[in-house]
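Spelled out from the first residue to the last, the chains are:
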Amino acid sequence: MTIDYTITIGNIVEITAIVGGGFLFLITLQNTVGNLKEDVSSMQGEIKKLGQVLIQMAVTTTRLDNHDREISDLKHGRGFIRESIEREYP
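Residues numbered from 1 in each chain as written. Predicted model: local features only at pLDDT ≥ 70, side-chain atom pairs only at ≥ 80, totals over all residues. Heavy atoms only, no water.

A. Focus on the overall build of the protein. When helices and strands are counted, the protein shows 1 helix and 0 strands. Surface exposure of the protein reaches about 9000 Å², of which carbon and sulfur atoms provide 64%. (Helix = DSSP H or I, 4+ residues; strand = E, 2+ residues; numbered from the N terminus. Areas by Shrake-Rupley, 256 points an atom, 1.4 Å probe, with all protein chains shown as cover.)

B. Expanded view of a nonpolar patch on the surface. A surface patch of nonpolar side chains, amounting to about 680 Å² of accessible area, comprises Ile15, Val19, Phe23, Phe25, Leu26, Leu29 and Val33. With respect to the secondary-structure elements, Val19 resides in helix α1 (residues 9–75). Overall, the relative accessible area of 44% leaves Val19 in the partly exposed class. (Patch = residues over 30% accessible without salt bridge, like charges linked within 9 Å, V, L, I, M, F, W, Y side chains within 5 Å. Salt bridge = Lys/Arg side-chain N within 4 Å of Asp/Glu carboxyl O. Buried < 20%, exposed > 50% of the residue type's maximum accessible area, 1.4 Å probe, protein only.)

Distances and angles like these do not, on their own, reveal function.
The structure is reproduced here in structure tokens:
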């Protein structure tokens, strides 16, 4: 069993293809990472806006609950409307 130390054109093409494929992989990976950074930064802005919308919805829900409570109190005679308004006006 002997080792063949000769370099053929096929070996050179194979090595060139492997090295070229490695460089192409690295370049593609760098572009992909750059695109992901841009996507994440744009998503962060959208998430902040979504957080503001959720806060506004919570405040609106609280206000509506307070209004419902006030209306319920008015229905039961508590609040500005008194249960008996007799004898207030002549």
